[in-house]
Amino acid sequence: MSTPNAHYGFAERWLPRLVLAPSFLLTLVFLYGFIAWNGYLSFTSSRLLPNYEWAGLVQYATLFENERWWVAVRNLGIFAVLFIGGAMAIGIVLAVLLDQKVRCEGAIRTLYLYPMALSFVVTGTAWKWMLNPGLGLEKLMHDWGFTSFTFDWLVNSEMSIYTVVIAGLWQSSGFVMALFLAGLRGVDDSIIKAAQIDGASLPRIYWKIVLPALRPVVFSTLMILSHIAIKSFDLVMALTGGGPGFSSDLPATFMYSMAFTRGQTGLGAASAMMMLATVAAIVVPYLYSELRKDPNA
């Protein structure tokens, strides 16, 4: 005859697993299952509809010969460097300024964080209006009498990718600021006071003591921003649509165009796997280094 303790032990052991099982199963099927399916499609000659006949590396060879793909890769490099570097620089500066216990800190922090509450579609649409030469900044300056002023980056194939950088920085810098501000507030005040007693200036304290203590925040922020940069799709589609032509394409917009508008499913799948490989190249070493750390150190 079973005892109450036996029933309790059984429930304690299996109830958490039963609760987590549905979400685990859904994740396994709809995330990793479809990643595997997409990976297989990238080795087929699929076009408008999936074709499961093995074709080897044909799609990858076609991808690497595609000029539009290399434009997207170049744009990703430009966007990633400027977006990640700019957002971290602006975020750190804003966090350091707010860490000085300025007046109305709560209101200022909310003001900078507000863009992150918006979707990238809203951000892209708003900046599209502001940067449109016939509606936004250029027209405003002309109306004020500065008729020689020009700002046509949105319709300039050489500069359109930089409008995506501007919009991305506007949306994400406040979020980076919040992360670094939380990190700054977690630094031991006694270390800072000791440095001040020793005569260290405030810039030197931040550069030599505070910022090195924020390495975990730096790595976490870098991971988040890298992920945003690689998968950026809605911002580009709302702001430039990948144009003019395909001058502001990113790998995500390239993949969507090939897979869903041009009927080249296999090529789109190959580009998606290249994006996945890029994300893995960033995430896996970070996770490996974190998992290797001794929790008792």
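Just so it is clear, the structure is predicted and the values come from calculations on it, not from any experiment.

Cut-offs used in this document
The numbering scheme is per chain: residues are counted from 1 as the chain's sequence reads. Under the rules for a predicted model, residues below a pLDDT of 70 receive no local features and side-chain atom pairs below 80 are neither given nor counted, while totals for whole chains, interfaces and linings still include all residues. Side-chain numbers here rest on the full set of heavy atoms in the structure, without hydrogens or water. A run of H or I in DSSP becomes a helix once it reaches four residues, and a run of E becomes a strand once it reaches two; helices and strands are each numbered from the N terminus. Every radius of gyration here is taken over C-alpha atoms, with the globule rule written as 2.2 Å times N^0.38, N being the number of residues. Each residue gets one of three labels from its accessible area relative to the maximum for its type: buried under 20%, exposed over 50%, partly exposed in between, using a 1.4 Å probe on protein chains only. Here the accessible surface of atoms and residues is derived via Shrake-Rupley with a 1.4 Å probe, and residues count as covered only by protein chains that are part of the display. For the purposes of these results, a polar contact is taken to be a pair of N or O atoms within 3.5 Å, where, inside protein, one atom must be able to donate a hydrogen and its partner to accept one; residues adjacent in sequence count only when each atom of the pair is a side-chain atom. Axes, fitted as lines to C-alpha atoms, cover a helix only where it is in contact. Angles between the N-to-C directions of the axes lie from 0 to 180 degrees. Helix crossings are classified by the rotation of the near helix relative to the far one: an anticlockwise turn of less than a right angle makes the crossing left-handed, while a clockwise turn makes it right-handed. Here, two residues are considered to be in contact whenever any of their heavy atoms come within 4.5 Å of each other. In this count, Pro and Cys sit with the nonpolar residues alongside Ala, Val, Leu, Ile, Met, Phe, Trp and Tyr, while Asp, Glu, Lys and Arg are called charged and the others, Gly among them, polar. Each aromatic pair joins two rings of Phe, Tyr and Trp (for Trp, the six-membered one) with centres within 6.5 Å, and gets the label stacked for planes under 30 degrees apart, edge-to-face for over 60, and tilted for any other angle. We define a nonpolar core as any set of buried Ala, Val, Leu, Ile, Met, Phe, Trp, Tyr and Cys residues linked to one another through side-chain atoms lying within 4.5 Å. How far a helix is expected to stretch is found by multiplying one less than its residue total by 1.5 Å. Arc definition: it is the arc formed by the directions from the helix axis to the C-beta atoms. Here pLDDT means the predictor's own confidence in every residue, given as a number from 0 to 100.

Examining the overall build of the protein chain
Here is step 1: Secondary structure summary: the protein chain contains 13 helices and zero strands in total.
Here is step 2: Along the chain direction, N to C, the helices and strands of the protein chain fall in the order α-α-α-α-α-α-α-α-α-α-α-α-α.
Here is step 3: Against the 2.2 N^0.38 benchmark of 19 Å for 297 residues, the protein chain shows a C-alpha radius of gyration of 25 Å, more extended than a compact globule.
Here is step 4: For the C-alpha atoms alone, the extent of the protein chain along its principal axes is close to 90 × 70 × 30 Å.
Here is step 5: Split into buried and exposed, the 297 residues of the protein chain put 35% on the buried side.
Here is step 6: Element-wise, carbon and sulfur atoms account for 68% of the exposed surface of the protein chain, whose accessible area totals about 17900 Å².

Side note on the side chain of Thr 240
Here is step 1: Relative to the assigned elements, Thr 240 resides in the loop between α11 (234-239) and α12 (251-261).
Here is step 2: Thr 240 gets classed as buried once you look at its relative accessible area, which sits at 15%.
Here is step 3: In this structure the side chain of Thr 240 is engaged in a polar contact, spanning 3.1 Å, whose partner is the backbone nitrogen of Gly 242.

Side note on the packing of helix α8 (residues 189-197) against helix α9 (residues 202-213)
Here is step 1: Closest axis-to-axis distance for the α8/α9 pair is 11 Å, and the angle between their directions is 145°. Regarding α8 and α9, the two cross each other, and that crossing is right-handed. Touching Ile 191, Ile 192, Ala 195 and Gln 196 of α8 are Ile 205, Ile 209 and Val 210, all from α9.
Here is step 2: Of the residues that constitute the contact of α8 with α9, the class distribution is six nonpolar, one polar and no charged.

Overview of the packing of aromatic side chains
Here is step 1: Evaluation of the coordinates by the stated rule reveals 14 aromatic pairs.
Here is step 2: With a centroid separation of 5.8 Å and 50° between ring planes, the pair formed by Tyr 40 and Trp 54 is classed as tilted. Taken as a pair, Tyr 40 in helix α1 (residues 4-41) and Trp 54 in the loop between α1 and α2 (58-64) lie far apart in primary sequence, 14 residues in all.
Here is step 3: You can call Trp 54 exposed: its relative accessible area is 53%.
Here is step 4: Each ring, one from Phe 151 and one from Trp 153, has its centre 4.7 Å from the other, and the planes form 25°; the classification is stacked.
Here is step 5: Residue classification places Phe 151 among the buried residues on the basis of a relative accessible area of 17%.
Here is step 6: One aromatic cluster is present, built from ring pairs that chain together Tyr 40, Phe 43, Tyr 52, Trp 54 and Tyr 60.

Considering the nonpolar core
Here is step 1: Within the largest apolar cluster, 41 residues are counted, with the highest numbers of intra-cluster contacts made by Phe 79, Phe 83, Val 164, Phe 180, Val 210, Leu 214 and Leu 225.
Here is step 2: Going through the elements one at a time, α3 (67-98), α5 (120-131), α7 (160-185), α8, α9, α10 (215-230) and α11 are the ones with two or more residues in this core.
Here is step 3: Tallying contributions element by element places α3 first for this core, with eleven residues.
Here is step 4: Ignoring any residue separated from it by four or fewer positions in sequence, one finds Leu 214 in contact with Phe 180, Gly 183, Leu 184 and Val 187.
Here is step 5: Residues Tyr 60, Leu 63, Phe 254 and Leu 267 belong to the second largest nonpolar core, which totals nine residues.

What to know about α5
Here is step 1: Under the 1.5 Å per step criterion, the end-to-end length of α5 is 16 Å for twelve residues, consistent within 8% with the ideal 16 Å.
Here is step 2: Every buried residue of α5 is listed here: Phe 120, Thr 123, Gly 124, Trp 127 and Leu 131. Buried residues of α5 fall within an arc of 95° about the axis and therefore sit on the same side.
Here is step 3: The inward-facing, buried residues of α5 abut α7, α10 and α11.

Section: the side chain of Gln 59
Here is step 1: Structurally, Gln 59 is set in helix α2.
Here is step 2: A residue is classified by how much of its surface remains accessible, and Gln 59, at 10% relative accessible area, is buried.
Here is step 3: With near-sequence residues (within four places) excluded, Gln 59 lies in contact with Ser 42, Thr 44, Ser 45, Ser 46, Gly 266, Leu 267 and Ala 270.

Describing the confidence of the model for the protein chain
Here is step 1: Averaged over every residue, the pLDDT of the protein chain is 84; the share at 70 or more is 94%.
Here is step 2: Taken element by element, the predicted model of the protein chain shows its lowest mean pLDDT in α8 (76) and its highest in α2 (93).

Re the packing of α3 against α10
Here is step 1: Here α3 crosses α10 at 145°, and the two axes come no closer than 10 Å. Regarding α3 and α10, the two cross each other, and that crossing is right-handed. For the pair α3 and α10, contact is made by Leu 76, Phe 79, Ala 80, Phe 83, Ile 84, Ala 87 and Met 88 and by Val 218, Thr 221, Leu 222, Leu 225, Ser 226, Ile 228, Ala 229 and Ile 230, respectively.
Here is step 2: Looking at side-chain class alone, the contact of α3 with α10 contains 13 nonpolar, two polar and no charged residues.

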